[in-house]
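# Chain and residue survey
Letter by letter, the chains look like this.
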Amino acid sequence: QHIYIRAMAVMNQPTKSVVDLLQEAILDLEARLNLQPGEAIPEQLLVASSSSAAITTTAKDSNDTGKKANNNNNNNQNNKNKNNNQKKQKQQQQQKQQPQKAANNNDQPDICKLEFKVGVITKVWVHPTADKLYCEEIDVGEEAGPRQIASGLRPHFTLEQMLGQRLLVASNLKAKNLVGFKSHGMVLCAARPKDNDDGGGGEVVEFVEPPEGAAIGEVITYEGLPTPEPFTPSGVDKKKIWPTAAQGMKTTDDCCAAWNGHVFMTRAGPCKTKTIAGFAMR
């Protein structure tokens, strides 16, 4: 009975309205801000409150932006590292696929360090400013086409004699400018002094000629010597191979081209001059 009476008393208490609750909240806020009842909130408090909210929002945005930037930087770095790794792998694969260039073989005779090819003059003209030079295009069987070579042969041959001439070309010499004309090799000739039958004075010059059956572009070998392993043009120049080897280049008694007695050979036979025997080649 006591419980019933107390419950009825609680149920009969008046319920607070929304207005009463709102009023209580306002009174509580005024007390917290030390305001008199009905006093307006000072402007500085409103500004401070607004700034605090803005700072909080800005800080959050900055954190989010920083995180995004870090993520982007990490992604970019990962992509860069991946690309670098792929590039290195590609370079390594290419290096494996490329044949390794053999080092110059110093343990062979000097003449084997030079390269002579069978060639033919396909075009010839007078050098515009040098009195003794011809400019030639010589086919030595290369995919790049005929080589341009300058030769000091004007005192010895006419243009008609030069054109179509079969000869030997020193083909691994470093290119040189001869009076403004870039020469990519040298033709091989033999020379002897003129005698009374030649009118005396000066010299007779003849080409070292391959035999008729020798193919254009064939590389010369030397009788009794190992297969030549020609140096690179820079190697020939650096080691001064030409002047050293030239000391032994001389025609034999039967007009064959030779180095220290080892005859210049093609698959079709030896290379020879027409008449010059026992004299130096150059």
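Just so it is clear, the model here is predicted, and its values are computed rather than measured.

### A short note on the sheet that holds strand β1 (residues 116–126)
- Taken in spatial order, the 5 strands line up as β3-β2-β1-β4-β7 in an open sheet, and their pairing is antiparallel. If you trace the sheet from one side to the other, it starts and ends with β3 (147–151) and β7 (186–187), each paired once.
- Taken together, the 5 bridges between strand β2 (residues 134–139) and β3 define a ladder with antiparallel strand orientation. By the bridge assignment for β3, isoleucine 138 is matched with arginine 147.

### A few points about the nonpolar core
- In terms of nonpolar packing, the biggest core is built from 28 residues, with Ile111, Leu114, Phe116 and Phe264 touching the most fellow members.
- Taken together, the elements giving at least two residues each to this core come down to β1, β4 (166–170), α6 (241–246) and β12 (257–259).
- When residues of this core are assigned to their parent elements, the largest contribution, 3 residues, is made by α6.
- Sequence-distant contacts of isoleucine 111, that is, excluding residues within four places in its chain, are made with Phe116, Tyr222, Leu225, Ala245, Met249, Trp259 and Phe264.
- Val124, Val140, Ile149 and Phe157 belong to the second largest nonpolar core, which has 16 residues in total.

### Some thoughts on the confidence of the model for the protein
- Scored by pLDDT, the protein comes out at a mean of 83, with 73% of its residues at no less than 70.
- With pLDDT under 50 throughout, residues 1–7 is counted as low confidence; its partners more than four residues away or in other chains account for 0 contacts.
- In this model, residues 96–100 is a region of pLDDT below 50 whose contacts with residues beyond four sequence positions or in other chains number 1 contact.

### Looking at the pairing of β4
- Taking burial as the measure, the 5 residues of β4 include 5 buried ones, the bulk of the element.
- Bridge count for β1 against β4 is 5 bridges, and the pairing is antiparallel. Residue glycine 119 lies in a different strand from β4, and its bridge partner there is leucine 167.

### Looking at the pattern of salt bridges
- Counted according to the given criterion, the structure contains 5 salt bridges.
- Measuring nitrogen to oxygen at the nearest pair gives 3.1 Å for the salt bridge that ties lysine 113 to aspartate 110.
- The residue arginine 282 makes a salt bridge to glutamate 203 at a minimum N-O spacing of 2.3 Å. Here arginine 282 is found in the segment after β14 (269–270), whereas its partner glutamate 203 is found in strand β9 (residues 203–207), with 79 residues between them in sequence.
- By relative accessible area, arginine 282 is classed as partly exposed at 44%.

About the thresholds
- Residues numbered from 1 in each chain as written.
- Predicted model: local features only at pLDDT ≥ 70, side-chain atom pairs only at ≥ 80, totals over all residues.
- Heavy atoms only, no water.
- Pairing = 2+ DSSP bridges.
- Helix = DSSP H or I, 4+ residues; strand = E, 2+ residues; numbered from the N terminus.
- Core = buried A, V, L, I, M, F, W, Y, C linked by side-chain atoms within 4.5 Å.
- Buried < 20%, exposed > 50% of the residue type's maximum accessible area, 1.4 Å probe, protein only.
- Contact = heavy atoms within 4.5 Å.
- pLDDT = per-residue confidence, 0-100.
- Salt bridge = Lys/Arg side-chain N within 4 Å of Asp/Glu carboxyl O.

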